[in-house]
Amino acid sequence: GTSQFYGGIQSQSSSPTGKAPHDITNNLREVWLDLVSETTGLGLQTHRYRLRSYAGTMVGSVIVDWLINKEFAGNRNMALSIGQALLDSHRIEPAVGEEHVFKDEYCLYKVGPLGQVEIENSQVPVSD
């Protein structure tokens, strides 16, 4: 299909999941709340990085795996785009350092300002 651009997420016009690409952009809030929910997603956990513990975090590569398993993304590149959109929209932010490029590796992300507001407004069960 032809490549189209929707609000920061570039994807093919037909995805393997059968969902239109713009649905994912429009539903970024829904993806985020599913992701942080203890019942539907990864929740927030404590992860170690360079001898320090970071509470309330998620790992980039695990987010990518989850997005694919939940069929929000058809492949790792599309999942990376969604991760970047979560970062760009301030739902997540780097737990270590300042780099604003979402990575499919052992990079820790914590809840960003918009992410926190959406969690508080939704009553989604979240713990760290």
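Values in this document were obtained by computation on a predicted structure and should not be read as measured data. (Residues numbered from 1 in each chain as written. Predicted model: local features only at pLDDT ≥ 70, side-chain atom pairs only at ≥ 80, totals over all residues. Heavy atoms only, no water.)

## Considering the overall build of the protein
- When helices and strands are tallied, the protein shows 5 helices and 6 strands.
- When the helices and strands of the protein are read in sequence order from the N terminus, they spell out β-β-α-α-β-β-α-α-β-β-α.
- Across the 128 residues that make up the protein, the buried fraction comes to 41%.
- A fraction of 50% describes how many contacts in the protein between residues 6 or more apart in sequence connect residues 24 or more apart.
- A total accessible area of about 6,800 Å² is found for the protein, and carbon and sulfur atoms account for 48% of it. (Helix = DSSP H or I, 4+ residues; strand = E, 2+ residues; numbered from the N terminus. Buried < 20%, exposed > 50% of the residue type's maximum accessible area, 1.4 Å probe, protein only. Contact = heavy atoms within 4.5 Å. Areas by Shrake-Rupley, 256 points an atom, 1.4 Å probe, with all protein chains shown as cover.)

## Topic: the pairing of strand S4 (residues 52-59)
- Two elements, strand S3 (residues 45-49) and S4, share 4 bridges in a ladder whose sense is antiparallel. Across the sheet, the residue bridging to His47 is Tyr54, located in S4.
- Between S3 and the antiparallel strand that follows it, S4, lie 2 residues; Arg50 among them carries a positive phi value of about 50°.
- Both S4 and strand S6 (residues 108-111) contribute to a ladder of 3 bridges, which runs antiparallel. Bridging from a neighbouring strand, Met58 pairs with Tyr109 of S6. (Pairing = 2+ DSSP bridges.)

## A look at the confidence of the model for the protein
- When pLDDT is averaged across the protein, the result is 83; 78% of the residues are at 70 or more.
- Across residues 1-22 the pLDDT falls below 50, and counting only partners more than four positions away or on other chains, this stretch makes 35 contacts in the model. (pLDDT = per-residue confidence, 0-100.)

## Topic: helix H4 (residues 76-88)
- For H4, which comprises 13 residues, the first-to-last C-alpha distance of 18 Å matches the rise-based estimate of 18 Å (1.5 Å per residue) to within 8%.
- Among all positions of H4, only Met78, Ala79, Ser81, Ile82, Gly83, Gln84, Ala85, Leu86 and Leu87 are buried.
- Of the residues flanking the start of H4, the one acting as N-cap is Asn75, its side-chain oxygen 3.1 Å from the backbone nitrogen of Asn77. (Expected span 1.5 Å × (residues − 1). Polar contact = N/O pair within 3.5 Å; in protein donor to acceptor, adjacent residues only side chain to side chain.)

## Some points on the environment of Ser81
- Mapped onto the elements, Ser81 comes out in helix H4.
- Residue classification places Ser81 among the buried residues on the basis of a relative accessible area of 18%.
- Sequence spacing of Ser81 and Lys103 is 22 residues, and the spatial spacing of their C-alpha atoms is 9.9 Å.

## Overview of the sheet that holds S3
- Strand order in the open sheet formed by 4 strands is S3-S4-S6-S5, and the pairing between neighbours is antiparallel. Looking along the sheet, the strands with just one partner apiece sit at the ends: S3 and strand S5 (92-94). On average, adjacent strands in this sheet sit at an angle of 60° to one another, irrespective of strand direction. (Axes fitted to C-alpha atoms, helices over the stretch in contact; angles between N-to-C directions.)

## Re unusual backbone geometry
- Within the chain, Leu51 stands out as a residue other than glycine whose phi angle is a positive 70°.
- Located in the positive-phi region is His90, a residue other than glycine, with phi close to 65°.
- On the secondary structure map, His90 appears in the loop between H4 and S5.

## With respect to the packing of helix H3 (residues 60-69) against H4
- Interaxial distance between H3 and H4 falls to 9 Å at its minimum, and their mutual angle equals 115°. Classified by the angle between their axes, H3 and H4 sit roughly perpendicular to one another. For H3 against H4, the interelement crossing comes out right-handed. Each of Ser61, Val64, Asp65, Leu67 and Ile68 in H3 lies in contact with H4, whose residues at this interface are Arg76, Ala79, Ile82 and Gly83.
- Of the residues contributing to the contact of H3 with H4, the split by class is 5 nonpolar, 2 polar and 2 charged. (Parallel < 35°, antiparallel > 145°, perpendicular 65-115°, else oblique. Left-handed = near helix turned anticlockwise from the far one by under 90°. Nonpolar A, V, L, I, M, F, W, Y, C, P; charged D, E, K, R; others polar.)

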